[in-house]
Amino acid sequence: MSLDPHVAADFVKSKAEGFAPRVGIILGSGLGGLADKIEAVASIDFKDIPDFPQSTVEGHAGRLILGRLGGMPVVCMQGRIHLYEGVDPQDLAVPVRVLKLLGIDILLVTNAAGSFHEDMGPGSLMLLNDHINLTGRNPLVGENDDRFGPRFFSMEDAYDPILREHLKAVAKELDIKLHEGVYLHYLGPNFETPAEIRAFKTLGADAVGMSTTPEVLVARHMGLRVAAISNITNLAAGMNKETLSHEQTLECAKLAAEDLENLVIIFLGTLKRELLKAHMKEENDGDTQ
Ligand code: HPA
């Protein structure tokens, strides 16, 4: 039987009555620390939410936290479900739809990733400007649910240009180097072979990971504005002598965790003002055309 995001959302709403999050945040491997910075209104284990898919991966606590971060009302997924866990791809639509039903209009996604560039090593941050979904899977395959979005939709500018500019400006202000590039989603659960990495470089990707594209597809289907940041935990397979492992991912995720936390908190704190400015600029540009 398929999971119903309305059932899950109604349950969450009952635990945080009157609280309306504007931004949804999905935290990747080893990035759970940001969740501790939230002034929480409610914190709910995924396992207690009816019709919510469950994560099985270490480093993913599996908790939904509602509260304020940088003054912004947010709902944060500490942990996520991955395609490699063998779940029905359609189940991956549920968490993002729940966030939308709770009221968000912006989704901020984080992940851990391996880099294809020597000068973007462990401890770097990469802002996604596009992605390549190489998994052959998509949570939107199957009958379209018209309540959430249209059958066909564009993925141009999926990573919102205004949010990207704002994140870059905040990073500059904080003196944090923010790389920018294309994220390639590899199904996993194994890390890639060196030959695959060489092939992926020729495809135009800059980093590789095992998440994010399902959530971004579901978010864009509903018209949410999306931003995403990779926490680079390693150079990709074949680029150094270290053997890749999940332990190494979790350990190296700590390197840039503080930068990422600061970036996100200041981003959220200044978001309202920037969005308002951008909207006004768009309107003014429209008037003069
Ligand atoms: N490949 C895939 N996923 C990852 C990697 C990687 O090198 N590093 C962190 N997550």
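Conventions and cut-offs
Residues numbered from 1 in each chain as written. Predicted model: local features only at pLDDT ≥ 70, side-chain atom pairs only at ≥ 80, totals over all residues. Heavy atoms only, no water. Helix = DSSP H or I, 4+ residues; strand = E, 2+ residues; numbered from the N terminus. Rg over C-alpha atoms; globule rule 2.2 N^0.38 Å. Buried < 20%, exposed > 50% of the residue type's maximum accessible area, 1.4 Å probe, protein only. Contact = heavy atoms within 4.5 Å. Areas by Shrake-Rupley, 256 points an atom, 1.4 Å probe, with all protein chains shown as cover. Lys, Arg positive; Asp, Glu negative; His and termini not counted. Charge placed at Lys NZ, Arg CZ, Asp CG, Glu CD. Axes fitted to C-alpha atoms, helices over the stretch in contact; angles between N-to-C directions. Parallel < 35°, antiparallel > 145°, perpendicular 65-115°, else oblique. Left-handed = near helix turned anticlockwise from the far one by under 90°. Nonpolar A, V, L, I, M, F, W, Y, C, P; charged D, E, K, R; others polar. Near = heavy atom within 4 Å. Polar contact = N/O pair within 3.5 Å; in protein donor to acceptor, adjacent residues only side chain to side chain. Core = buried A, V, L, I, M, F, W, Y, C linked by side-chain atoms within 4.5 Å. Salt bridge = Lys/Arg side-chain N within 4 Å of Asp/Glu carboxyl O. Pairing = 2+ DSSP bridges.

**Side note on the overall build of the protein chain**
Next, step 1: A count of helices and strands for the protein chain gives 8 helices and 9 strands.
Next, step 2: Taken over C-alpha atoms, the radius of gyration comes to 18 Å for the protein chain, in line with the 19 Å a tight globule of 289 residues would show.
Next, step 3: Its C-alpha atoms give the protein chain principal-axis dimensions of about 50 × 50 × 40 Å.
Next, step 4: Within the protein chain, buried positions represent 53% of all 289 residues.
Next, step 5: Here the analysis covers contacts within the protein chain between residues at least 6 apart in sequence; of these, 83% occur between residues at least 24 apart.
Next, step 6: For the protein chain, the exposed surface amounts to about 13,000 Å²; the carbon and sulfur share of it is 50%.
Next, step 7: The positive charge centre, built from 27 side chains, and the negative charge centre, built from 41, are 2 Å apart in the protein chain.

**Here we look at the environment of Arg198**
Next, step 1: For Arg198, the location among the structural elements is in helix α5 (residues 194–203).
Next, step 2: Here Arg198 falls in the exposed class, since its relative accessible area comes to 55%.
Next, step 3: Arg198 sits 82 residues away from Phe116 along the chain, and the two C-alpha atoms are 8.8 Å apart.

**Examining the packing of helix α1 (residues 5–15) against helix α3 (residues 93–102)**
Next, step 1: Packing of α1 against α3 leaves a shortest axis separation of 9 Å and a crossing angle of 50 degrees. When the axis of α1 is compared with that of α3, the two are oblique. For the pair α1 and α3, the crossing hand works out as right-handed. Taking contact as the criterion, the partners of Pro5, His6, Ala8, Ala9, Val12 and Lys13 in α1 are, on α3, Val94, Arg97, Val98, Leu101 and Leu102.
Next, step 2: Grouping the constituent residues of the contact of α1 with α3 by class yields 8 nonpolar, 1 polar and 2 charged.

**Quick look at the site of the ligand**
Next, step 1: Taken together, the residues surrounding the ligand are Ala112, Ala113, Gly114, Phe191, Glu192, Val208, Gly209, Met210, Thr233, Asn234, Leu244 and Thr249.
Next, step 2: Measuring from a nitrogen atom of the ligand, one finds a backbone N or O atom of Ala112 at 3.4 Å.
Next, step 3: Against a free-state accessible area of 260 Å², the protein chains account for coverage of 96% of the ligand.
Next, step 4: Those elements giving two or more residues to the shell around the ligand turn out to be β5 (106–115), β8 (207–209) and β9 (225–235).
Next, step 5: Tallying contributions element by element places β5 first for the shell around the ligand, with 3 residues.
Next, step 6: The residue inventory of the shell around the ligand, partitioned by class, reads 6 nonpolar, 5 polar and 1 charged.

**Structural notes on the nonpolar core**
Next, step 1: Judged by nonpolar contacts, the single largest core of 43 residues is most densely connected at Leu64, Leu66, Val96 and Leu107.
Next, step 2: With 6 residues, the single largest contributor to this core is α3.
Next, step 3: With 31 residues, the next largest nonpolar core counts Leu27, Leu127, Ile176 and Leu263 among its residues.

**A short note on the pattern of salt bridges**
Next, step 1: Within the structure shown, the criterion is met by 12 salt bridges.
Next, step 2: For Lys47, the salt bridge is made with Asp48, and the minimal N-O distance between the two is 3.8 Å.
Next, step 3: Classification of Lys47 as exposed rests on a relative accessible area of 60%.
Next, step 4: Via salt bridges that share partners, Asp45, Lys47, Asp48 and Arg63 belong to a single interconnected network.

**Observations concerning the side chain of Arg97**
Next, step 1: Mapped onto the elements, Arg97 comes out in helix α3.
Next, step 2: The side chain of Arg97 sits in the buried core without any salt bridge; Asp145 is the nearest counter-charge, 4.5 Å away.
Next, step 3: When neighbours within four sequence positions are excluded, Arg97 is seen to be in contact with Pro5, Leu140, Asp145, Phe148, Val218, His221 and Met222.

**A closer look at the packing of α3 against helix α6 (residues 213–221)**
Next, step 1: Remark: α3 packs on α6, axes separated minimally by 9 Å, with the N-to-C direction vectors making an angle of 40 degrees. By the angle between their directions, the pair α3 and α6 is classed as oblique. Helix-helix and strand crossings are classified by hand; for α3 and α6 the assignment is right-handed. Residue-level contacts link Ala93, Val96 and Arg97 of α3 to Glu215, Val218, Ala219 and His221 of α6.
Next, step 2: Grouping the amino acids of the contact of α3 with α6 by side-chain chemistry returns 4 nonpolar, 1 polar and 2 charged.

**Remarks on the pairing of strand β6 (residues 125–133)**
Regular strands have side chains that alternate between both faces of the sheet.
Next, step 1: Inspection of the sheet shows β6 paired to strand β7 (residues 178–185) by 8 bridges, in the parallel sense. The residue bridging Leu127 from the neighbouring strand is Glu180, located in β7.
Next, step 2: Note: β6 against β9, 3 bridges, orientation antiparallel. Residue pairing for β9: Leu127 is matched across the bridge by Ile229.

All we've got here are geometric facts, nothing functional implied.
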